[in-house]
There are 2 protein chains.
Amino acid sequence: MVITSLENEKIKSLVKLQKKKYRDLDNKYLVEGEHLVIEADKANVIEEIFVLENEDIKYDYKTTYVSYNVMKKLSTMDNPPKVIALCKKNNKNEIIKDKILLLDEIQDPGNLGTIIRSSLAFGVTTIILSEKSVDLYNQKVLRATQGMYNHINIISMNINDAINYMQNHNIPIYGTSVVNGVDASTLNSKEKEKYCLIMGNEGNGISKDILAMCDKNLYIKMNDKVESLNVAVACSILLYELGR
Amino acid sequence: MVITSLENEKIKSLVKLQKKKYRDLDNKYLVEGEHLVIEADKANVIEEIFVLENEDIKYDYKTTYVSYNVMKKLSTMDNPPKVIALCKKNNKNEIIKDKILLLDEIQDPGNLGTIIRSSLAFGVTTIILSEKSVDLYNQKVLRATQGMYNHINIISMNINDAINYMQNHNIPIYGTSVVNGVDASTLNSKEKEKYCLIMGNEGNGISKDILAMCDKNLYIKMNDKVESLNVAVACSILLYELGR
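Residues take numbers from 1 onward in each chain, read along the sequence in its written order. The order in which chains are written sets their letters, starting at A; the order in which ligands are written sets their numbers, starting at 1. Totals for whole chains, interfaces and linings use every residue, but because this is a predicted model, local features are given only for residues with pLDDT of at least 70 and side-chain atom pairs only at 80 or more, for both listing and counting. To obtain the side-chain values, all non-hydrogen atoms of the structure were used and water was disregarded.

## Remarks on the pattern of salt bridges
Operational definition: Here, a salt bridge means any Lys or Arg side-chain nitrogen found within 4 Å of an Asp or Glu carboxyl oxygen. Numbering goes from the N terminus for both helices and strands, where a helix is a DSSP run of H or I of at least four residues and a strand is a run of E of at least two. Exposure categories follow from relative accessible area, calculated using a 1.4 Å probe and restricted to protein chains: below 20% of the type maximum is buried, above 50% is exposed, and the middle band is partly exposed.
For the coordinates displayed, the defined rule picks out 26 salt bridges over all chains. In this structure, A:Glu48 engages A:Lys10 in a salt bridge whose closest nitrogen and oxygen atoms are separated by 2.6 Å. Of the two residues, A:Glu48 sits in strand β3 (residues 46-52) while A:Lys10 sits in helix α1 (residues 9-15), which places them 38 residues apart along the sequence. Under the relative-accessibility criterion, A:Glu48 is labelled buried at 8%. Taking relative accessible area as the criterion, A:Lys10 reaches 28% and is therefore assigned partly exposed. Among the salt bridges present, the one from B:Lys89 reaches B:Asp24, with a minimum N-O distance of 2.8 Å. Residue B:Lys89 is located in the loop between β5 (83-88) and β6 (99-103), and its partner B:Asp24 is located in helix α2 (residues 20-26); the two are separated by 65 residues in the primary sequence.

## Some words on the interface of chain A and chain B
The cut-off we apply is this: In this analysis, two residues are considered to be in contact whenever any of their non-hydrogen atoms come within 4.5 Å of each other. Buried area: the accessible area, evaluated with a 1.4 Å probe, that two parts lose upon being put together, summed over both parts. The classification used treats Ala, Val, Leu, Ile, Met, Phe, Trp, Tyr, Cys and Pro as nonpolar, Asp, Glu, Lys and Arg as charged, and all other residues, Gly among them, as polar.
Chain A puts 26 residues into the contact, and the matching count from chain B is 26 residues. When chain A packs against chain B, the two sides together hide about 2,300 Å² of surface, and 60% of this comes from carbon and sulfur. Joining chain A to chain B, the criterion identifies two salt bridges. The salt bridge involving B:Glu241 is made with A:Arg244; its shortest N-O contact spans 2.8 Å. Broken down by secondary-structure element, the contributors of at least two residues to the side of chain A that touches chain B are α5 (109-121) and α10 (231-242) of chain A. Sort the elements by how many residues they give to the side of chain A that touches chain B and α10(A) lands first, with six residues. Its residues assigned to classes, the side of chain A that touches chain B shows 12 nonpolar, nine polar and five charged.

## Things to note about the layout of surface pockets
Residue and element names in this part refer to chain A. Filter applied, for reference: Both site types are read off a 1 Å grid over the protein atoms alone. A 1.4 Å probe that fits but cannot get out defines a cavity, while an open set with protein on both sides within 12 Å along at least five of seven lines defines a pocket; lining residues have an atom within 4 Å of a point. Grid points are joined across faces, edges and corners, and a volume is the space filled by probe spheres set on the points. Note: domain ranges come from an automatic or database domain assignment.
By volume, the second largest pocket is sized at about 380 Å³. Forming the boundary of the second largest pocket are 23 residues, of which Asp135, Leu136, Tyr137, Ile154 and Ser156 lie nearest the centre. Looking at the lining of the second largest pocket, the elements that each hand over two or more residues are α2 (20-26) and β8 (153-156). The element that contributes the greatest number of residues to the lining of the second largest pocket is β8, accounting for three residues. Across the lining of the second largest pocket, the residue classes tally to 10 nonpolar, six polar and seven charged. For the lining of the second largest pocket, the domains that each give at least three residues are domain 1 (2-88) and domain 2 (99-242).

## Here we look at the pairing of β5(B)
Residue and element names in this part refer to chain B. Here is the rule: Two strands pair if DSSP finds at least two bridges between them.
Of all six residues that make up β5, five are buried, and the element is covered over most of its length. In terms of strand pairing, strand β2 (residues 28-32) meets β5 through five bridges, oriented antiparallel. Looking at β5, one finds that glutamate 32 is bridged to isoleucine 84.

This is the structure:
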């Protein structure tokens, strides 16, 4: 059987998952396209899959075939994919080990996804998203992670609670600022053993209150004609240095 | 006088500049918003400015006031800016000095803009865009550069001509590949003196033909669970290493 009607109740409930509100309510999200579905399969988070009619895509999950129009409705992309998976959110809430990246209100989905890839590449054990960050399960975020969000511990937490946790567990907190900053390339191995690196919002950086609670401020040595790097680039270079 | 009509001939000709074809024909482009206009002013590339009526924005250029609807039509953003400048393209075609970044068909405007900022930060003297790259004067590219495109030599060139140039000028060509690669952090100062770093397209990387012409392949040491970094991040980390 192929679902062809946009009025189908199941399709209508899946389309709602394009909004954070419904992803939070249902504790579920969609991933689009073969690459992300393969990664979600490896991570064992798939509940059900939806395949474009006449496509030969097989998984050991309940599979529903849909028409092109239905797939287009389910998808957030201009060119709808051949497969979409309904996945269960992994509502982790525990900080794992002590190489921590704390993202304070990152807004751009591409930046968050890119940072998740870099975090996995350079040994971060937990990513903490502050409350006003872009939603991890936003389709653009998932795409930019290339599925890597499944392989790293990502949790949501109030930023002050997170900072309290670091202070109680003797994890040094590193902010980013040129003023009174330390060149990140000069950190010694003890300073890289455990850390909580905080990266601020694209427009405003880290707030003054938060900066005041940092044990160290890091900076990246560069040409002074440039005011700042893109936040995903700056974060990745700092993690690269911390991971060496 | 305030232009309020979307049918105004001048407005219609400006709107055309949202397309590459017309930017190429007229040798002009638009920049949107105060930050980019300030940077274009510093770089002395502005011909004329367009200000939202009732806004108090003053420059020493011919200034035309426009209604909100006209500004909305001129702008590519959801929230139109208070000011737009008509600028002349800087059609440079000369390779300056010998720290060169060659971008082979970078497609994402955000990636190109981000790479331009990082290039300036880490001492690149010329960026070469291959023929099928996203257009430098695309509004999203300009925004992602935060105006930094004015402070670095950026040229367009056929990739084979560019490689010939490097070979004729004894500039070592560095590709990126894990196979037979060199850890970028192990480069010595002589190897960083002059270089042409090639970064490939988001989806496909550097083509085999081009890789075969590289003197060295660089890689970034990382967790092997991650297949690849975002191209702007990878490029920025390599330039960071080359700039040290």
